[in-house]
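Inside the fold
Residue-level listing of the chains:
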Amino acid sequence: MNKDILPRMAVFIMAIVHIVSSYAQSVLPISGEVLDGKNREPLIGVTVVEKGTKNGVITDIDGKFSMRVPVGTILKITYMGYRSSEVIIRDNKPLTILLDEENIQLDELVVIGYGVQKKSDITGSISSVSGEELTNIPVSSPLQALQGKAAGVNIIQNTGAPGSSSTIKIRGTGTVNDADPLYVVDGFIVDGIDHLNANDIANIEILKDAASSAVYGARAANGVVVITTKGGASGKTKISFDMIVGFSNPWKKIDVLDAEEYALMRDYVSGNSIYSVDGRLYYSKDKDGGYYYDNLKYTKVDTIRRNSPDNWWDAITQTGLKQQYNLSVSGGTDRHKYMVSGSYYNEKGIVKTSGYERFNLRMNLDNQLNSWLNMTTNMFYTNENRNIVPEGSESVLKKALYQSPLEYLYNYRGNYNSNHPIAVIDRNHNKRENHRIDLNLNLTAKLGKLLTYQFKFSDYLVIGKRSRFYEVNKLDEDFAMPNDLTRIYNRRNQTNKWEINNLFTFAWKDKKHDISVLLGQTAEGYKSSWMEGPRKGTASNSSDLWFLSSGYTGDDAAGLDNEWTALGFVGRLSYNFLDRYLFQANFRAD
């Protein structure tokens, strides 16, 4: 039997030696250098990676590298500002890899005021952010998605409440009383972009200095945010659906005193002995000055503790939930393109009862009517609903931090014992609703080889509603007039803005010179109105009485109409000599 084992072991050992020898021969030490393809200068910090693995190195100060890889490996070489390259390893001969500069970015078109321009021809300060960078996280506003993605642009969400607005500052504090930039969507001036769906955005350009934003006049003193929405592309119909779900929690929880700690501190500060004596919780003194455990004091705290939350902050907060669903259909031919999209966003805040809901529907059409005339049409509808909890000086979170833990949740009648945080959010009825419709039309006519005419028309309508009902503490158990009165508040607002642009663009170039001239006329009209009416004194807190006529007093109605029109003229001259010397002048008069 031993004679049979020895030959088998010899064969097994020889097989292992053969395998190790083969592996050693297939893994090769390689070396090489990476050079600029134009001037043959070494490139420092180039990434050289075995494709499909994490095995990689970077080039040294002389552009050289060395590593070990199997025969047949594909090396991927990447460097910022250069086209990536791939090399197949067949032996261990020294490698010389040439990388060519990536010039495509310089030829990209950037949206500027009333036109587009090559990135290489830009004379002002402009930051550009693609739409793909805005869709990574579920947020209610494109401004929130833009945070941290553009240099010199500071964006702060005003509150953490769902659907709250954001403040944007471009290159620091802007003009007095109004630091907001000008917003331009698809070539038209709008009053804000919080209603937009980030998935509908193709790119955002931020005009940060006077040179880039001057064509918009004094309104652009704080910068300009220019947004271009997505359109269709020729080819087969493309259907895209994505869903994002996210969760949110307070980034920091503030520790507060519990019932026992608060009771002890309360006695200490007030000099009383309701819950303790001489710093000893639940103790009292006998006639001789000795300490004894006082069960009555324990019962006082324990009764409250069993009929109240352990922590008021925890009682009014929850794990927030964000949901976003996006569906788009796009396609078309070389002459007719379309893009239809719909989105639904829903956010439940970390404070109970707070929430924000939005529905968007968009249709962008691009039609080449004939060889010289093109028409694009954009239609957009949005519906927003927001449940607002007390914020600022009346913040319910602030109230939760200050609320005494020695407070009963309910009284003996089963009603809220006081206006504590749970009562505040349960009695909070503050809703806002907006409906918005945007219509854009753009006709572009080529009047010969050098001249282009654009007729642009835009109109948007916003209809808003705000309703609020203030419940009265203990109204249902002992109503007392006139000190305890409920309040009803309703507000209606409507905003309408239209804009018409007539633009002529002359463009001529040869091998040395490139001249572009823009001349145009703009007209705008704006009308805004609001009306509000409060009433007081409903018979109860019932939701059946949340309308104005249910109150018996307080006819203090107010309203305002605001209307203006403006006529403007714009001009721009751009000159490029040898792709080296650039000159641009802008003109605006309103």
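All of these numbers come straight from a predicted model, not from anything done at the bench.

**Structural notes on the overall build of the protein chain**
Along the protein chain, the regular secondary structure elements total eight helices and 31 strands. With the C-alpha coordinates of the protein chain rotated into their principal frame, the extents come out at 100 × 100 × 45 Å. Restricting to contacts in the protein chain with at least 6 residues of sequence separation, those with at least 24 account for 63%. Each charge class in the protein chain was averaged separately, 67 positive and 67 negative side chains, and the resulting centres sit 3 Å apart.

**Looking at the side chain of S341**
Here S341 shows up in strand β23 (residues 336-348). Apart from residues lying up to four places away in sequence, S341 is in contact with D200, L327, S328, N360, L361 and R362.

**Points about the nonpolar core**
Side chains of nonpolar character tend, in soluble globular proteins, to be buried together. Judged by nonpolar contacts, the single largest core of 25 residues is most densely connected at L134, I168, I204 and I227. Sorting the residues of this core by element identifies α2 (142-146), β11 (153-157), β12 (166-170), β13 (182-185), β15 (201-207), β16 (224-229) and β27 (451-470) as the ones contributing at least two each. Grouped together as the second largest cluster of nonpolar side chains are 17 residues, L28, V34, L95 and I97 included.

**Quick look at the environment of N222**
Inspection of the secondary structure puts N222 in the loop between α3 (210-213) and β16. Sequence separation between N222 and A179 is 43 residues; the distance between their C-alpha atoms is 6.1 Å. Reaching out from N222, the side chain makes a polar contact with the backbone oxygen of D180 at a distance of 3.1 Å.

**Remarks on helix α4 (residues 259-270)**
Along its twelve residues, α4 runs 16 Å from first to last C-alpha, staying within 8% of the 16 Å computed at 1.5 Å per residue. Elements in contact with the buried residues of α4: β18 (276-277), β19 (280-281) and α5 (295-306). Measuring from the backbone nitrogen of E260 back to the side-chain oxygen at the start of α4 gives 3.3 Å, which picks out D258 as the cap. G271 lies just past α4 and shows a positive phi near 80°.

**Digging into the pattern of salt bridges**
In total, this model carries 18 salt bridges according to the counting rule given. Here D278 ties to K285 by a salt bridge, and the two come within 2.9 Å at their closest N and O atoms. You can call K285 partly exposed: its relative accessible area is 41%. For D302, the salt bridge is made with R306, and the minimal N-O distance between the two is 2.8 Å.

**Regarding the packing of aromatic side chains**
Counted by the stated rule, this structure contains eleven aromatic pairs. Aromatic side chains Y114 and Y216 sit 5.1 Å apart centroid to centroid with 35° between the ring planes, which places their arrangement in the tilted category. Of this pair, Y114 sits in the loop between β8 (109-112) and β9 (115-118) while Y216 sits in the loop between α3 and β16, and the two are 102 residues apart along the sequence. Judged by relative accessible area, which is 2%, Y216 ranks as buried. Three or more aromatic residues link up through ring pairs in this structure, and these residues are Y282, Y283, Y293 and Y298. A cation over a ring is seen here: K456 above F188, with NZ or CZ 5.1 Å from the ring centre. Here R491 stacks its cationic end above the ring of W530, 4.4 Å away from the centre of that ring.

**Focus on the sheet that holds strand β4 (residues 64-70)**
With mixed pairing, the three strands of this open sheet are ordered in space as β4-β1-β7. The open sheet is flanked by β4 and β7 (95-99), the only strands paired with a single partner. For this sheet, the mean angle separating the axes of adjacent strands, direction not counted, is 35°.

**Digging into the pairing of strand β22 (residues 320-332)**
Summarising the sheet, strand β17 (residues 235-248) and β22 pair through twelve bridges and their orientation is antiparallel. Within β22, the residue paired with S240 across the bridge is S328. What sits between β22 and β23 in their antiparallel hairpin is a turn of three residues.

**Some thoughts on unusual backbone geometry**
The phi angle at Y282 is positive, at roughly 70°, despite the residue not being glycine. Checked against the element boundaries, Y282 lands in the loop between β19 and β20 (283-285).

**A word on a nonpolar patch on the surface**
A surface patch of nonpolar side chains, about 670 Å² in accessible area, is lined by I239, F241, M243, V245, F247 and L327. In terms of residue count, the dominant contributor to the nonpolar patch is β17 (five residues). Relative to the helices and strands, V245 is located in strand β17. Overall, V245 belongs to the partly exposed group, its relative accessible area being 41%.

**Section: the sheet that holds β13**
Strands sit in the order β10-β15-β16-β13-β14 across an open sheet of five strands; the sheet is mixed. Where the open sheet ends on each side, the last strands, each with one partner, are β10 (126-130) and β14 (188-190). Taking each pair of neighbouring strands and ignoring which way they run, the sheet shows an average axis angle of 25°. Note that β13 and β14 share three bridges and pair antiparallel. Paired with V184 across the bridge in β14 is I189.

**Observations concerning the confidence of the model for the protein chain**
Confidence along the protein chain averages 86 in pLDDT terms, with 91% of residues attaining 70 or more. Taken element by element, the protein chain is modelled with least confidence in helix α1 (residues 2-26), mean pLDDT 49, and with most confidence in strand β25 (residues 373-387), mean pLDDT 96. Here residues 15-25 is modelled with pLDDT under 50, and outside its nearest four sequence neighbours on either side it reaches one contact, counting other chains as well.

Definitions and limits used
- Residues numbered from 1 in each chain as written.
- Predicted model: local features only at pLDDT ≥ 70, side-chain atom pairs only at ≥ 80, totals over all residues.
- Heavy atoms only, no water.
- Helix = DSSP H or I, 4+ residues; strand = E, 2+ residues; numbered from the N terminus.
- Contact = heavy atoms within 4.5 Å.
- Lys, Arg positive; Asp, Glu negative; His and termini not counted.
- Charge placed at Lys NZ, Arg CZ, Asp CG, Glu CD.
- Core = buried A, V, L, I, M, F, W, Y, C linked by side-chain atoms within 4.5 Å.
- Buried < 20%, exposed > 50% of the residue type's maximum accessible area, 1.4 Å probe, protein only.
- Polar contact = N/O pair within 3.5 Å; in protein donor to acceptor, adjacent residues only side chain to side chain.
- Expected span 1.5 Å × (residues − 1).
- Salt bridge = Lys/Arg side-chain N within 4 Å of Asp/Glu carboxyl O.
- Phe/Tyr/Trp six-rings, centres within 6.5 Å; stacked < 30°, edge-to-face > 60°.
- Lys NZ or Arg CZ within 6 Å of the ring centre and 35° of its normal.
- Pairing = 2+ DSSP bridges.
- Axes fitted to C-alpha atoms, helices over the stretch in contact; angles between N-to-C directions.
- Patch = residues over 30% accessible without salt bridge, like charges linked within 9 Å, V, L, I, M, F, W, Y side chains within 5 Å.
- Areas by Shrake-Rupley, 256 points an atom, 1.4 Å probe, with all protein chains shown as cover.
- pLDDT = per-residue confidence, 0-100.

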